[in-house]
Amino acid sequence: MNSKITISFIIIAYNEERSIARCLSAILAQNNLTNYEVVVVDDGSKDRTAHIVAEHAKKNTNVILHRLVPNQGRGAARAAGVKIARGDYFAFVDADTILPTHWLDTCLGYMDRYDSVGGIAVPDGDVNYVYTAFNLDPKVAAQSTIVTGNNGFYKRKVFENFNFDIKLREGEDVAFNHQMRSSNFKIYSINSLVVEHREAKTFGESVKWLYQSGVGASRQLKQFKKIRLPDLAYFGFLFICVTSVLSSFFFHAYVFLVVPVLYIFFTSLLHLYTKFTFHVRDIHNYFGAILVNSILIASYYSGRTTGVFITKATRPSGIKKIMLCFDFEGKRGMPFDAKYNVVQTANYLLNILQQYHVKAVFFVVGKIIEEHPDLIKEIARDGHEIALHGYEHEHLDKFTEEELAEFGKNLVHAGDLLEEITGKRPTGFRAPFLEHATLNALHLSSILKQEGYVWTSNQSIRHEREFLKPKGLPFAKLLMMSKMVRTLLFVLLNWRFLATSSVGSTSRVRVFANLRWLLDGAPLFSKNGLIEIHAHAPFDCEMVGLPRPDEPTSQILLDYAVDTFVIKTPVVRPE
């Protein structure tokens with residue numbers, strides 16, 4: 001295998017024994033294909049998909065098979081492919097997609113202007129069975145998702161801050177498009193790049209797929225609140241159903257109940273018109289196509305209705321910036337000289353972070369960098385950011401100017417050592433014991449700015465969810481529904497900031513300025529030229545069961561910790 005991988009093709013497959021070989025052959029036939037790998041993620045297939053891929057891997061070492069057992073869904077499969085891939089560019093291809101030989105060259109030609117591009121799959125997935133069964137002539141029509149998962153080309157940097165949502169069994173590419181656009185990535189659909197889409201689903205499988213797509217579409221509408229043409233069609237169906245039922249009740253004329261069926265036939269006809277070219281010679285096929293497509297649309301509308309009641313808007317990682325942080329102090333942060341195995345703790349945390357595809361910030365005491373360079377290298381290799389948390393976890397608020405100067409020298413030494421180990425100097429700092437007032441000391445601020453620090457994290461903000469969830473407070477869900485109650489609780493939990501001089505305004509009415517700051521959700525602010533980020537991680541010890549590491553931490557606490565490590569305000573991160 002080539003030592004330097006430029007292009008990583010990622011194929012997700014579930015029971016695709018009828019199409020996976022064609023897909024692989026089309027990828028391997030790409031023009032100018034060098035320095036590549038093909039990662040096939042078999043998502044718990046029950047047929048011969050994995051066996052066929054394994055046979056290809058024996059003949060071509062650039063083909064890699066990765067198996068997920070049991071089936072975990074499209075989002076998890078794509079995310080697994082991202083973790084494995086090593087290329088500078090990621091090319092996602094579905095197993096039922098056949099790329100033209102110029103696909104790779106065409107996509108690369110757009111990457112100087114865009115972060116992600118893709119072609120147009122023909123025919124569209126929702127009419128693929130109709131296309132196969134009735135041999136219709138498909139149109140090249142614009143797609144509602146700019147870059148679809150069946151053929152999408154991405155720069156690696158797109159995945160540095162977020163990945164596909166592992167909880168989504170469908171619609172993961174739609175959600176990822178929203179993530180990219182929310183993060184200001186440039187994405188583009190190449191309408192001239194036509195890709196052949198050959199699904200091998202049976203009629204029953206197609207009905208089930210359209211139903212699942214309907215459920216997912218309702219979830220997407222809740223989550224992103226963006227109305228698309230399919231949403232308008234469904235709203236029309238709901239309106240027709242309601243008016244038909246009411247009309248039949250008030251006028252005692254059950255003929256009105258036929259109207260929703262007629263609406264489905266009408267939308268089926270329009271749908272086929274937008275997807276296929278009409279030919280008089282094929283007129284006998286259209287009657288059957290309209291009937292079959294009507295059943296598929298009815299299944300889709302059924303899924304939409306179900307989705308209204310059973311789905312909830314998920315919180316994809318790319319829309320809200322996640323800043324999970326740990327004060328990595330070792331035994332220096334433990335009370336009463338409690339035992340602390342820093343290597344064991346770090347490995348446990350790294351495994352959890354890897355499991356949830358989350359990147360974190362480790363606020364490391366300088367002495368640990370000296371004592372455990374291999375551990376620091378492993379943290380950096382996993383893609384986590386390392387910031388400094390003092391040199392020996394000292395009380396900076398008690399330091400004299402001379403002691404601060406000595407501390408500054410130690411800070412420079414720790415930064416030099418970190419750069420030697422990881423190749424990157426620290427740009428973030430958190431004062432030990434969260435002594436945020438010390439940050440106003442001109443000498444310390446000048447040291448940080450001189451050494452290239454651009455952000456600090458010294459505010460211990462508490463969130464209302466932290467108070468309501470783990471305590472099992474009665475009516476917690478009801479309270480969380482009220483924005484006013486949540487805001488009031490947030491202010492009460494952080495009341496100590498009202499009288500401090502480290503936040504809000506420097507005016508004489510500081511208390512009112514700080515109150516307004518809390519009512520606004522404690523947004524980030526700049527102090528002495530350093531951005532202050534309120535990263536709060538109250539569970540860094542609890543996640544590893546400290547101070548009693550022999551007792552396992554409950555899964556409920558782990559799930560809650562993962563769920564609440566989110567800062568609502570935009571996080572300013574250094575490049």
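All values reported here derive from a predicted model rather than from experimental measurement.

Trainee: For this particular structure, what's the right way to read the overall build of the chain?
Mentor: Within the chain one finds 20 helices and 17 strands. Every one of the 575 residues in the chain was classed for burial, and the buried ones make up 49%. Within the chain, residue pairs in contact and separated by at least 24 positions form 78% of the contacts whose partners lie at least 6 positions apart. Here the chain has roughly 28,400 Å² of accessible surface; of this, 59% comes from carbon and sulfur atoms.

Trainee: What is the right way to read the packing of aromatic side chains from this model?
Mentor: The geometry of an aromatic ring pair comes down to the distance between the two centres and the angle between the two planes. According to the stated counting rule, one finds 27 aromatic pairs in the structure shown. Centroid distance tyrosine 234 to tyrosine 301: 6.0 Å. Interplanar angle 40°. Geometry classified as tilted. Note that tyrosine 234 is positioned in helix α8 (residues 229-251) and tyrosine 301 in helix α10 (residues 283-310), a separation of 67 residues in sequence. For tyrosine 234, a relative accessible area of 3% gives the class buried. Ring pairing ties together the aromatic residues Phe90, Phe92, Tyr154, Phe159, Phe164 and Phe176, which thus form one cluster. Here the guanidinium or amino end of lysine 139 rests over the ring plane of tyrosine 273, the centre of that ring lying 4.4 Å away. Stacked on the ring of phenylalanine 363, the Lys or Arg arginine 430 has its end atom at 4.7 Å from the ring centre.

Trainee: What's the story with the pattern of salt bridges in this structure? I'm lost.
Mentor: Oppositely charged side chains can pair when the atoms bearing their charge come close. Using the criterion set out here, one finds 21 salt bridges in the structure. A salt bridge links glutamate 172 to arginine 74; the shortest N-O distance between them is 3.4 Å. Within this pair, whereas glutamate 172 is found in helix α6 (residues 172-182), its partner arginine 74 is found in helix α3 (residues 74-84), the two being separated by 98 residues in sequence. Residue glutamate 172 is classed as buried on the basis of its relative accessible area of 1%. The closest approach of N and O atoms between aspartate 112 and arginine 113, which form a salt bridge, is 3.5 Å.

Trainee: Could you clarify how one ought to interpret unusual backbone geometry in this entry?
Mentor: Glycine aside, residues mostly have negative phi angles, and peptide bonds mostly take the trans form. In this structure, the amide linkage connecting valine 69 to the following residue, proline 70, adopts the cis form with an omega of -5°. As for its placement among the helices and strands, proline 70 is situated in the loop between β3 (63-68) and α3. Note that the residue after valine 122, namely proline 123, is joined by a cis bond; omega there is -5°. Note on placement: proline 123 falls in the loop between β6 (116-122) and α5 (128-134). Although it is not a glycine, asparagine 135 adopts a positive phi angle of roughly 55°. As for its position among the elements, asparagine 135 is in the loop between α5 and β7 (137-138). Even without glycine at this site, histidine 393 takes up a positive phi of about 60°.

Trainee: Which parts of the structure should I look at to understand the environment of glycine 521?
Mentor: Relative to the helices and strands, glycine 521 is located in the loop between α19 (510-519) and β16 (525-527). For the pair formed by glycine 521 and phenylalanine 490, sequence separation is 31 residues and the distance between their alpha carbons is 8.0 Å.

Trainee: Could you clarify how one ought to interpret the confidence of the model for the chain in this entry?
Mentor: As a general rule, the predicted coordinates of low-pLDDT regions are not to be interpreted in detail. The predicted model of the chain averages 80 in pLDDT, with 81% of residues at 70 or higher. Low pLDDT, under 50, characterises residues 560-575; the stretch is placed with 51 contacts to residues that sit more than four places away or in other chains.

Trainee: Please explain the packing of helix α18 (residues 483-493) against α19 as it appears in this structure.
Mentor: When two helices pack together, their arrangement is given by the angle between their axes and by how far apart the axes lie. Put simply, α18 and α19 touch, their axes get as near as 9 Å, and they point 130° apart. Judged on the interaxial angle alone, α19 and α18 are oblique. As for the relative orientation of α18 and α19, their crossing is right-handed in sense. Between α18 and α19, the residues in contact are Thr487, Phe490 and Val491 and Leu515, Leu518 and Leu519, respectively. Of the residues contributing to the contact of α18 with α19, the split by class is 5 nonpolar, 1 polar and no charged.

Trainee: Got a minute to help me understand the sheet that holds strand β2 (residues 36-43) in this structure?
Mentor: Within the open sheet, the 8 strands sit side by side as β3-β2-β1-β4-β8-β6-β9-β5. Their pairing is mixed. Each having just a single partner strand, β3 and β5 (97-98) make up the two edges of the open sheet. Sheet topology places strand β1 (residues 7-13) next to strand β4 (residues 89-94); 6 bridges connect them, and they run parallel. Within β4, the position partnered with serine 8 by the bridge is phenylalanine 90.

Trainee: Just checking my understanding: could you explain the pairing of β6 for this structure?
Mentor: Successive residues of a regular strand alternate their side chains across the two faces of the sheet. The buried count for β6 comes to 7 of 7 residues, which makes it a mostly enclosed element. Sheet topology places β6 next to strand β9 (residues 187-197); 6 bridges connect them, and they run parallel. Note that in β9 the partner of valine 122 across the bridge is glutamate 196.

Trainee: Teacher, can you tell me more about the packing of α8 against helix α9 (residues 259-275) here?
Mentor: The interhelical angle for the contact between α8 and α9, taken along N-to-C directions, is 160°, at an axis separation of 9 Å. Judged by the angle between their axes, α8 and α9 are roughly antiparallel. Crossing of α8 against α9: the hand is right-handed. Between α8 and α9, the contacting residues are Leu232, Ala233, Gly236, Phe237, Ile240, Cys241 and Ser244 on the first element and Val259, Pro260, Tyr263 and Ile264 on the second. Its residues assigned to classes, the contact of α8 with α9 comprises 9 nonpolar, 2 polar and no charged.

Trainee: What's the story with the environment of valine 365 in this structure? I'm lost.
Mentor: Position of valine 365 among the secondary structure elements: in the loop between β12 (360-364) and α12 (366-371). Residue classification places valine 365 among the buried positions, given a relative accessible area of 0%. Sequence-wise, valine 365 and phenylalanine 328 are 37 residues apart; in three dimensions their C-alpha atoms are separated by 6.5 Å. Each residue touching valine 365, except ones within four places of it in the same chain, is listed here: Phe328, Glu329, Arg332, His389, Gly390, Tyr391, Glu392 and His393.

Trainee: Honestly, helix α7 (residues 203-224) in this entry has me stumped. Any pointers?
Mentor: The α-helix winds at 3.6 residues per turn, so residues separated by three or four positions along the chain end up facing the same way. Along its 22 residues, α7 runs 31 Å from first to last C-alpha, staying within 8% of the 32 Å computed at 1.5 Å per residue. Of all the positions in α7, only Ser206, Leu210, Gly214, Val215, Gly216, Ala217, Ser218, Arg219, Gln220, Leu221, Gln223 and Phe224 are classed as buried. In the core, the buried residues of α7 are packed alongside α5, α6, α8 and α10. Just downstream of α7 lies lysine 225, where phi reads positive at about 55°.

Trainee: Would you mind going over the nonpolar core with me for this structure?
Mentor: Generally speaking, soluble globular proteins have nonpolar side chains that are buried together. In this structure, Phe328, Phe362, Val364, Ile369, Ile376, Leu411 and Phe429 are the most contacted members of the largest nonpolar core, which totals 33 residues. Among the elements of the structure, β11 (324-328), α11 (342-355), β12, α12, α13 (373-381), β13 (385-388), α14 (401-422) and α15 (442-450) are those that each provide at least two residues to this core. If you tally residues by element for this core, the top one is α14, at 6 residues. With 29 residues, the next largest nonpolar core counts Ile11, Leu24, Ala91 and Leu104 among its residues.

Procedures and definitions
- Residues numbered from 1 in each chain as written.
- Predicted model: local features only at pLDDT ≥ 70, side-chain atom pairs only at ≥ 80, totals over all residues.
- Heavy atoms only, no water.
- Helix = DSSP H or I, 4+ residues; strand = E, 2+ residues; numbered from the N terminus.
- Buried < 20%, exposed > 50% of the residue type's maximum accessible area, 1.4 Å probe, protein only.
- Contact = heavy atoms within 4.5 Å.
- Areas by Shrake-Rupley, 256 points an atom, 1.4 Å probe, with all protein chains shown as cover.
- Phe/Tyr/Trp six-rings, centres within 6.5 Å; stacked < 30°, edge-to-face > 60°.
- Lys NZ or Arg CZ within 6 Å of the ring centre and 35° of its normal.
- Salt bridge = Lys/Arg side-chain N within 4 Å of Asp/Glu carboxyl O.
- pLDDT = per-residue confidence, 0-100.
- Axes fitted to C-alpha atoms, helices over the stretch in contact; angles between N-to-C directions.
- Parallel < 35°, antiparallel > 145°, perpendicular 65-115°, else oblique.
- Left-handed = near helix turned anticlockwise from the far one by under 90°.
- Nonpolar A, V, L, I, M, F, W, Y, C, P; charged D, E, K, R; others polar.
- Pairing = 2+ DSSP bridges.
- Expected span 1.5 Å × (residues − 1).
- Core = buried A, V, L, I, M, F, W, Y, C linked by side-chain atoms within 4.5 Å.

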